[in-house]
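A look at the structure
Spelled out, the chains give:
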Amino acid sequence: MKARFAPHGLGGADPSQTHLVDLRSDTVTRPTLAMRRAMAEAEVGDDVYGEDPTVNRLEQRAAEVFAKEAGLFVPTGTMGNTIAVKLHTQHGQEVICEARSHVFNYELAMMAWFSGCLARPIRTQDGILTWDEILPEVRPMHSHYAPTGLVEIENTHNMAGGSVYSAEALNKICDGAHELGLKVHLDGARVFNAATFLCRTVAEITARCDTVMFCLSKGLGAPVGSLLVGTAKDIARGRLYRKRLGGGMRQVGVLAAAGLIALEEMPARLGQDHEHAQLLAGALSRMEGIQVPHKVQTNIVVFDIGGTGLTTAEFSARLKSRGVLINGIGGTRMRLVTHLDASREDCERALTALAEVAAGAAANASKGSEA
Ligand SMILES: *Cc1c(COP(=O)(O)O)cnc(C)c1O
């Protein structure tokens, strides 16, 4: 493998050290050497004045890649989702979303705090909503109801194991919502993983969504940043909300430079992460005491260790002592995420550790039952 890490003194990991295999998230990726070089050489200006050429280029390229009118560079996906909810809703409305969605569970109630909206979560098996499930939850203007303001969709769905909407199912949701005068925001933190799975472009699979947020900082490997894309009018208003939220970032072309490489070059390698996830999921589903409840389509594997008799904290600790980091996500479920800093070799090392921990627990359990 070519050296991806910065030479000594520029930060990054020392590849000669035995490193931990970190599968807690694809946010843990470190910027590539090409990204670090581009950051050092980035042309910059004051982005609050709209004068940072690198940020302007990134926003324009993001809009082109998604076939939308305009793009807005934001520091985090949470800020991108927050701005989108604000753009499409009024205080006192409801936002329809999936029950395990990021916007509902992991954004500190921002839709209530900033937009004055209530979530109307819908529970699903696999994280994927259908229009038939959404329609009965749409609330009209009525003397007792908060009317629905927005439909929010997550693709891929993080906590449901990286599951993917078909373009047709998502189109049907958008068409249904639009017919009722409702907008659709797509939380596409990992929408490039969805496009990779579907062998389609992100523009094709998000064509009818009013706004799309996607993360540069996850599988695409940039150190920071997300984008919100949509109509020029929405993005111009979004720019004001970004400033209000403290997201006016000045000479931020140093970050956009890494983001441009993430956007242009990194989507093409996501299939590799998906292969690694398949490898891990296949082996996990054959281990005693472990179940993989979702079909693995992208780079996330949710697995249930309930049958091992261990808690997720115990399971994590035993993996950590073998050099592998994987966290619990509630109950007896754990989540692993493959990414560009986890090579095939790393994933094989993780498998060995997982197999040892599972076998150790099974041996202990059978000893217990003999006693
Ligand atoms: C990571 C993520 C976000 C945004 O997270 P930030 O940490 O705020 O960048 C939003 N939605 C989903 C599904 C995510 O996985």
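One numbering rule holds for all chains: residues counted from 1, following each sequence as written. Given that this is a predicted model, residues contribute local features only at a pLDDT of at least 70 and side-chain atom pairs are listed and counted only at 80 or more, while totals for whole chains, interfaces and linings are drawn from all residues. The side-chain numbers reported here are obtained from all heavy atoms of the structure, hydrogens and water having been left aside.

This part is about the overall build of the protein chain. A run of DSSP states H or I qualifies as a helix once it reaches four residues; a run of E qualifies as a strand once it reaches two. Both are numbered from the N-terminal end. In terms of regular secondary structure, the protein chain is built from 14 helices and 12 strands. The C-alpha atoms of the protein chain give a radius of gyration of 21 Å, which matches the 21 Å a tight globule of 371 residues would have. By principal-axis analysis of the C-alpha atoms, the protein chain measures approximately 65 × 55 × 35 Å. Relative to its 371 residues, the protein chain shows a buried fraction of 54%. Contact criterion: two residues are considered in contact whenever any of their non-hydrogen atoms come within 4.5 Å of each other. Counting only contacts in the protein chain whose residues sit at least 6 apart along the sequence, the fraction spanning at least 24 positions is 73%. The positive count covers Lys and Arg only, the negative count covers Asp and Glu only, and His and the chain ends enter neither. For charged residues, the charge sits on one atom: NZ in Lys, CZ in Arg, CG in Asp, CD in Glu. Charged side chains of the protein chain number 38 positive and 41 negative; the gap between the two group centres comes to 3 Å. Every radius of gyration here is taken over C-alpha atoms, with the globule rule written as 2.2 Å times N^0.38, N being the number of residues. When accessible area is computed with a 1.4 Å probe and restricted to protein chains, residues below 20% of their type maximum are described as buried, those above 50% as exposed, and intermediate ones as partly exposed.

Below, the discussion takes up the domain arrangement of the protein chain. Bring the parts together and some accessible area is lost; that lost area is often taken as the interface size. Throughout the structure description, domain borders are defined by an automatic or database domain assignment. Looking at the protein chain, the domain boundaries give domain 1 (21-30 + 268-370) and domain 2 (33-265). Spacing between the C-alpha centres of domain 1 and domain 2 amounts to 29 Å. Taken over both partners, the interface formed by domain 1 and domain 2 buries close to 1,800 Å², and the fraction arising from carbon and sulfur atoms is 52%. Here, a salt bridge means any side-chain nitrogen of Lys or Arg that lies within 4 Å of a carboxyl oxygen of Asp or Glu. Applying the counting rule to domain 1 against domain 2 returns one salt bridge. With a shortest N-O distance of 2.8 Å, Asp26 and Arg190 are connected by a salt bridge. Under this definition, polar contacts are N or O atom pairs within 3.5 Å; protein pairs additionally need one hydrogen-donor-capable and one acceptor-capable atom, and for neighbouring residues in sequence, both atoms have to be side-chain atoms. Summed over the shared surface of domain 1 and domain 2, the number is five residue pairs in polar contact (both at pLDDT 80 or more). Residue assignment for the side of domain 1 that touches domain 2 shows that the elements contributing at least two residues are α12 (270-285), β9 (300-304) and β12 (333-337). Per-element tally for the side of domain 1 that touches domain 2: the top contributor is α12, with three residues. Polarity classes work like this: nonpolar for Ala, Val, Leu, Ile, Met, Phe, Trp, Tyr, Cys and Pro, charged for Asp, Glu, Lys and Arg, and polar for all others, with Gly in that last group. Per-class residue counts for the side of domain 1 that touches domain 2 are six nonpolar, nine polar and five charged. Buried area is a sum: the accessible area each of two parts loses on coming together, probed at 1.4 Å, counted once for each and added.

Per the counting criterion, the structure on display carries 17 salt bridges. In this structure, Glu59 and Arg239 form a salt bridge, with 3.2 Å as the shortest nitrogen-oxygen distance. Of this pair, Glu59 sits in helix α2 (residues 53-65) while Arg239 sits in helix α10 (residues 232-244), and the two are 180 residues apart along the sequence. Owing to a relative accessible area of 5%, Glu59 belongs among the buried residues under this scheme. You can call Arg239 partly exposed: its relative accessible area is 31%. Between Arg322 and Glu356 there is a salt bridge; the shortest N-O distance is 2.7 Å. In this pair, Arg322 is assigned in the loop between α13 (312-320) and β10 (324-325) and Glu356 in helix α14 (residues 344-370), connecting sequence segments 34 residues apart. Under the relative-accessibility criterion, Glu356 is labelled partly exposed at 40%. Shared partners join several salt bridges into a network, and the residues in it are Asp47, Glu59, Arg239 and Arg242.

Moving on, we come to the packing of helix α3 (residues 77-88) against α10. When two helices pack together, their arrangement is captured by the angle between the axes and the distance separating the axes. As a packed pair, α3 and α10 sit with axes 10 Å apart at the nearest point and diverge in direction by 120°. The pairing of α3 with α10 is recorded here as oblique in orientation. Of the two possible hands of crossing, α3 and α10 adopt the one that is right-handed. In this structure, α3 uses Met79, Ile83, Lys86, Leu87 and His88 to contact α10, whose residues at the interface are Asp234, Arg237, Gly238, Tyr241 and Arg242. Lines fitted to C-alpha atoms define the axes, with helix axes restricted to the stretch in contact, and inter-axis angles between N-to-C directions lie between 0 and 180 degrees. Oblique is the label for any angle not under 35 degrees, not over 145, and not in the 65 to 115 range, which are roughly parallel, roughly antiparallel and roughly perpendicular in turn. Crossing handedness follows the turn of the near helix against the far one: under a right angle anticlockwise gives a left-handed crossing, and clockwise gives a right-handed one.

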